Amino acid sequence: MNQDILLRARAALGDRTPMLTDCGLLCGAACCQTDEDGQGGVHLFPGEQALLKDREWARVLPSGFGPIMLCDGVCEREARPLGCRIFPLTPVRGRSGKWTVRLDARARAMCPLMRSGIGGLDPEFVRAARDAIRIIAADPEGEAFLERWHALEEEYRKPLW
Ligand code: SF4
Ligand code: SF4
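Only a predicted model underlies this, so the values are computations on that prediction, with no experimental measurement involved.

> What is the right way to read the site of ligand 1 from this model?
Within the structure, ligand 1 sits among Cys 23, Gly 24, Cys 27, Ala 29, Cys 31, Phe 87, Cys 111, Pro 112 and Leu 113. Partitioned by chemical class, the residues of the shell around ligand 1 number 8 nonpolar, 1 polar and no charged.

> Quick question: what am I supposed to make of helix α1 (residues 3–13) here?
Since the α-helix advances by 3.6 residues per turn, residues separated by three or four positions end up pointing in the same direction. For α1, the complete set of buried residues consists of Ile 5, Leu 6, Ala 9, Arg 10 and Leu 13. Each buried residue of α1 sits inside an arc of 130 degrees when the element is viewed along its axis, so together they form one side. Exposed positions of α1 whose direction lies more than 90 degrees from the buried face are Asp 4 and Ala 11. Looking at the packing, one finds that the buried side of α1 touches α3 (48–51), α4 (82–86) and α5 (123–137). Of the residues trailing α1, Gly 14 is marked for its positive phi of about 50 degrees.

> What should I look at first to understand the packing of aromatic side chains in this one?
The description of an aromatic ring pair rests on the distance of the ring centres and on the angle between the ring planes. This model, assessed by the stated rule, comprises 4 aromatic pairs. Ring plane angle 50 degrees and centroid distance 4.7 Å describe the contact between Phe 45 and Phe 145, whose orientation is recorded as tilted. Placement of the pair is Phe 45 in the loop between β1 (42–43) and α3 and Phe 145 in helix α6 (residues 140–155), with a sequence separation of 100 residues. Residues Phe 65 and Phe 145 carry aromatic rings whose centres are separated by 5.6 Å and whose planes lie at 65 degrees to one another, so their mutual orientation is edge-to-face. Placement of the pair is Phe 65 in the loop between β2 (59–61) and β3 (68–70) and Phe 145 in helix α6, with a sequence separation of 80 residues. For the pair Phe 65 and Phe 145, a shared accessibility class is recorded, and that class is buried.

> Help me out: how do you make sense of the environment of His 150 in this one?
Assignment of secondary structure puts His 150 in helix α6. Since its relative accessible area comes to 17%, His 150 is described here as buried. Remark: the alpha-carbon pair of His 150 and Asp 104, spanning 46 residues in sequence, is separated by 9.5 Å. Every residue in contact with His 150, bar those within four places of it in the chain, is listed here: Pro 91, Val 92, Trp 99 and Arg 102.

> What exactly am I supposed to notice about unusual backbone geometry here?
A negative phi holds for most residues other than glycine; trans holds for most peptide bonds. Cis geometry is adopted by the peptide bond preceding Pro 88, which originates at Phe 87 and carries an omega value of 10 degrees. With respect to the helices, strands and loops of the structure, Pro 88 is situated in the loop between α4 and β4 (89–93). If you check the backbone angles, Ala 29 has positive phi at about 50 degrees while not being a glycine. Inspection of the secondary structure assignment puts Ala 29 in the loop between α2 (24–27) and β1.

> Would you explain the pairing of strand β5 (residues 99–103) in this entry?
Each regular strand displays side chains that alternate between the two surfaces of the sheet. With 4 of 5 residues buried, β5 lies mostly within the body of the structure. Counted along the chain from β4 to the antiparallel partner β5, the turn is 5 residues long, and its residue Gly 97 has a positive phi close to 95 degrees.

> Can you walk me through the pattern of salt bridges in this structure?
As a working rule, side chains carrying opposite charge can pair if their charged atoms are close by. In this structure the tally under the stated criterion is 12 salt bridges. When the shortest N-O distance is used, the salt bridge between Asp 54 and Lys 53 registers 3.5 Å. The burial state of Asp 54 is the same as that of Lys 53; both residues are exposed. Across the pair Lys 158 and Glu 155 runs a salt bridge whose closest N-O atoms are separated by 2.9 Å. Bridged by salt links that share partners, the residues Arg 102, Glu 153, Glu 154 and Arg 157 form one connected network.

> For this particular structure, what's the right way to read the sheet that holds β3?
Backbone-to-backbone hydrogen bonds join strands into a sheet, with any given pair of strands oriented parallel or antiparallel. The antiparallel open sheet is built from 3 strands, whose spatial order is β1-β3-β2. Looking at the sheet topology across the chains shown, the edges are occupied by β1 and β2. Direction of pairing for β1 relative to β3: antiparallel, over a ladder of 2 bridges. Counted as the bridge partner of Val 42 is Met 69 from β3.

Rules behind the numbers
Residues numbered from 1 in each chain as written. Chains lettered and ligands numbered in written order. Predicted model: local features only at pLDDT ≥ 70, side-chain atom pairs only at ≥ 80, totals over all residues. Heavy atoms only, no water. Near = heavy atom within 4 Å. Nonpolar A, V, L, I, M, F, W, Y, C, P; charged D, E, K, R; others polar. Buried < 20%, exposed > 50% of the residue type's maximum accessible area, 1.4 Å probe, protein only. Helix = DSSP H or I, 4+ residues; strand = E, 2+ residues; numbered from the N terminus. Arc of directions from axis to C-beta. Contact = heavy atoms within 4.5 Å. Phe/Tyr/Trp six-rings, centres within 6.5 Å; stacked < 30°, edge-to-face > 60°. Pairing = 2+ DSSP bridges. Salt bridge = Lys/Arg side-chain N within 4 Å of Asp/Glu carboxyl O.

This is how it looks when you write it as structure tokens:
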């Protein structure tokens, strides 16, 4: 995917966060912590790996889905991946077929913002995340990636038994 598209999508979020105050204080920045076994991480959008190559805090590993980034809970905010910027939202097609965002099922386990629903998030953050996803979706490779991301997130909505 053309890197300009990626940069525009990342810039759409800029410094916006899910709440006007630092929501990391509510949970000890739970979404930035690795699992007990050191696992967990953020899937990178197409072309994003190149933007992280000189960032010492970012370790990029291959996964079945594609490159995944691990960190130690510390980063340079302006360089954090798109997946971090949109969390706890995830891309989804709306009824009209246009891409939008919804709460990410993977956030259920750790994010206290899930309780108040998407309406509890800063509307400017939700709007910016939607704009970012639509910038990605306008590119064929980007849209194909969104489809895969969405399919993965859907897996977490399935009942366990
Ligand atoms: S887990 Fe949720 S509340 Fe906590 S820092 Fe991440 S987005 Fe904010
Ligand atoms: S890159 Fe930054 S925002 Fe993303 S998980 Fe690591 S510390 Fe958190």
